[in-house]
Amino acid sequence: MGKGLAKRVLTFLILISLVAVAMNLLSTVEAQNKKKPRRDVPLVKGLSWSFYQKACPKVESIIRKELKKVFKRDIGLAAAILRIHFHDCFVQGCEASVLLDGSASGPGEQSSIPNLTLRQAALVLINNLRALVHKQCGQVVSCSDILALAARDSVVLSGGPDYAVPLGRRDSLAFASQNTTLNNLPPPFAKADQLIADFANRNLDITDLVALSGGHTIGIAHCPSFTDRLYPNQDPTMNKSFANNLKRTCPTANSSNTQVNDIRSPDVFDNKYYVDLMNRQGLFTSDQDLFTDKRTRGIVESFAIDQKLFFDNFVVGMIKMGQMSVLTGSQGEIRANCSARNTERIMSVLEEGILEEALSMI
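This is a predicted model, so every value here is computed, not measured.

Participant: So what's going on with the overall build of the protein? Residues and values would help.
Facilitator: A tally of helices and strands in the protein yields 14 helices and 2 strands. Classification of the 362 residues of the protein by burial places 49% in the buried group. For the protein, contacts bridging at least 24 residues in sequence account for 76% of all contacts bridging at least 6. Per element, the accessible surface of the protein, about 17,700 Å² overall, is 56% carbon and sulfur.

Here is the structure:
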């Protein structure tokens, strides 16, 4: 009996040791995988790399876990969310105004022509993420921060780079007019001259322009956004075989059909978009002209050759763009529903508490 007991004790101790080793390895892997903030990108006052560390420490894991499930059913929503983030930031700044429904004061930003093709399922998904986060933490995380995190995770879960997102944005109290929306979103027919100027006005340089355009490595486009390059005459900068294939997809200029942005790997976030451009297979004028224009051509070529270089510059561009004209501190509000302003404008006691706590950590 004594020998049997000793054997069981020894076995138990060995199992405990193995568990300890496994836990240590797991913690080491987690530490290695932890996203490090980009210290080479300045932060706007009011944003922080650890804004919800105490108020909602699981906000990022809640969002990513849900998106993993959703994207298994429909990976196309990844590109849709990324596009919504772009369209939000470029109009009034990254303050979730694009998520607002219209009101008695007029139609919302979603009614403007460039936003008519935003996927409703993606807009619903963002509000669903908000509900999950608020259920866990209370109404302390803004819709604009949830959108920024969801855009990052859309990139990651499609095969792209992971990166830390500065947080602390607040939600706007109003949406932009249709004209303001239209005038601030770069059109698909824009040439490099216009794009460079538009981005410069937002403190984004030429490298940012080319890197952020790489978001078109995933997603789809509607025929009318590029058929001006097919009808009545074919754009000479477009590969002829590619053009003929597009004509089969879009037999008329106003066809309601869609076409993938990147013909090589349409659902994978990689550098193949730049390979497309080098082969004159860019879908939009705003895509292909990045290769045609001498000022941006070298950057396109370098990204086509080196995916790591593209990823690194894309992350920098996303962090810079994600801070454009943000609302922080006591500005704006934290919406209880991403599609509507709060009925009560006065900040809740809970909201004041998280604000004071977060500001003390900056």
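Now, onward.
Participant: Before we move on, could you go through the packing of aromatic side chains and cite the residues and values that matter?
Facilitator: The final tally for this structure, using the stated rule, is 11 aromatic pairs. Ring geometry for Phe-90 against Phe-199: centres 5.2 Å apart, planes inclined by 55°, an arrangement best described as tilted. In this pair, Phe-90 is assigned in the loop between helix H3 (76-89) and helix H4 (120-137) and Phe-199 in helix H7 (residues 192-200), connecting sequence segments 109 residues apart. The pair Phe-90 / Phe-199 is uniform in exposure class, with both members buried. Between Tyr-274 and Phe-303, the ring centres sit 5.3 Å apart and the planes meet at 70°, which makes this aromatic pair edge-to-face. Separated by 29 residues along the polypeptide, Tyr-274 in helix H10 (residues 272-278) and Phe-303 in helix H12 (residues 294-305) bring together distant segments of the chain. Judged on exposure class, the residue Tyr-274 and its partner Phe-303 are both buried. Here a set of aromatic residues connected by ring pairs shows up, and it is made of Phe-269, Tyr-273, Tyr-274, Phe-303, Phe-310, Phe-311 and Phe-314. In this structure, Arg-297 packs its charged tip against the face of Phe-291, placed 4.0 Å from the ring centre.

Participant: Which residues make up the environment of Ile-63, and what values go with them?
Facilitator: Among the structural elements, Ile-63 can be located in helix H2 (residues 59-73). Relative accessible area serves as the criterion here: at 0%, Ile-63 is assigned to the buried category.

Participant: How would you summarise the environment of Val-59 if you had to cite specific residues and measurements?
Facilitator: Mapped onto the elements, Val-59 comes out in helix H2. Assessed through its relative accessible area of 3%, Val-59 is described here as buried. In this structure, the C-alpha to C-alpha distance between Val-59 and Cys-137, residues 78 residues apart in sequence, is 8.1 Å.

Participant: Report on the state of the cysteines, specifying residues and quantitative values.
Facilitator: Evaluation of the coordinates by the stated rule reveals 4 disulfides. The residue that forms a disulfide with Cys-56 is Cys-137, at a sulfur-sulfur distance of 2.0 Å. Between Cys-56 and Cys-137, the disulfide has an S-S torsion of 70° and is therefore right-handed. Taken together, the residues span a long stretch of sequence, with Cys-56 in the loop between helix H1 (2-33) and H2 and Cys-137 in helix H4 at a distance of 81 residues. Per residue, the accessibility class of Cys-56 equals that of Cys-137, and both read buried. In the protein, the cysteines engaged in disulfides, taken in order along the sequence, are linked 1-4, 2-3, 5-8, 6-7.

Participant: Describe in detail a nonpolar patch on the surface, supporting the description with residues and values.
Facilitator: Together, Ile-113, Leu-116 and Leu-182 make up an exposed nonpolar region whose accessible area comes to about 320 Å². Within the secondary structure layout, Ile-113 lies in the loop between H3 and H4.

Participant: Please give an account of the nonpolar core that cites residues and values.
Facilitator: If you look at the biggest cluster of nonpolar residues, it comprises 82 residues, and the most contacted ones within it are Ile-63, Ile-84, Leu-99, Tyr-274 and Met-318. Those residues in contact with Tyr-274 that lie beyond four places of it in its chain are Val-210, Ala-211, Ser-213, Gly-214, Val-300, Phe-303, Ala-304 and Phe-310. Grouped together as the second largest cluster of nonpolar side chains are 11 residues, Ala-221, Phe-226, Leu-230 and Phe-242 included.

Participant: Give a description of H3 that names residues and reports values.
Facilitator: Helix length check: H3 (14 residues) gives 21 Å between terminal C-alpha atoms against 20 Å at 1.5 Å per residue, within 8%. With respect to burial, H3 is a largely interior element, 12 of its 14 residues being buried. By the burial criterion, the buried members of H3 are Leu-77, Ala-78, Ala-79, Ala-80, Ile-81, Leu-82, Ile-84, His-85, Phe-86, His-87, Asp-88 and Cys-89. Looking at the packing, one finds that the buried side of H3 touches H2, H4, helix H5 (143-156), helix H8 (206-213) and helix H13 (307-321).

Participant: Could you give an account of the packing of H7 against H8, with specific residues and numbers?
Facilitator: Two packed helices can be described by the angle between their axes and the distance between those axes. It is at 9 Å that the axes of H7 and H8 come closest, and there the two elements cross at 110°. Relative to H8, H7 is oriented roughly perpendicular. Listed contacts from H8 to Leu-195, Ile-196 and Phe-199 of H7 are Ile-206, Asp-208, Leu-209 and Leu-212. Here the contact of H7 with H8 is built from residues that sort into 6 nonpolar, no polar and 1 charged.

Participant: Please provide a residue-by-residue account of the side chain of Ser-213, values included.
Facilitator: On the secondary structure map, Ser-213 appears in helix H8. Note on Ser-213: relative accessible area 13%, which makes it buried.

Participant: Quick one: what's the story with the packing of H3 against H4, residue by residue and with numbers?
Facilitator: At a minimum axis distance of 9 Å, the contact between H3 and H4 shows a crossing angle of 75°. Classified by the angle between their axes, H3 and H4 sit roughly perpendicular to one another. Of the residues in H4, those in contact with Leu-77, Ala-80, Ile-81 and Ile-84 of H3 are Ala-121, Ala-122, Leu-123, Leu-125 and Ile-126. Considered class by class, the residues forming the contact of H3 with H4 number 9 nonpolar, no polar and no charged.

Cut-off values and rules
- Residues numbered from 1 in each chain as written.
- Predicted model: local features only at pLDDT ≥ 70, side-chain atom pairs only at ≥ 80, totals over all residues.
- Heavy atoms only, no water.
- Helix = DSSP H or I, 4+ residues; strand = E, 2+ residues; numbered from the N terminus.
- Buried < 20%, exposed > 50% of the residue type's maximum accessible area, 1.4 Å probe, protein only.
- Contact = heavy atoms within 4.5 Å.
- Areas by Shrake-Rupley, 256 points an atom, 1.4 Å probe, with all protein chains shown as cover.
- Phe/Tyr/Trp six-rings, centres within 6.5 Å; stacked < 30°, edge-to-face > 60°.
- Lys NZ or Arg CZ within 6 Å of the ring centre and 35° of its normal.
- Disulfide = S-S within 2.5 Å.
- Patch = residues over 30% accessible without salt bridge, like charges linked within 9 Å, V, L, I, M, F, W, Y side chains within 5 Å.
- Salt bridge = Lys/Arg side-chain N within 4 Å of Asp/Glu carboxyl O.
- Core = buried A, V, L, I, M, F, W, Y, C linked by side-chain atoms within 4.5 Å.
- Expected span 1.5 Å × (residues − 1).
- Axes fitted to C-alpha atoms, helices over the stretch in contact; angles between N-to-C directions.
- Parallel < 35°, antiparallel > 145°, perpendicular 65-115°, else oblique.
- Nonpolar A, V, L, I, M, F, W, Y, C, P; charged D, E, K, R; others polar.

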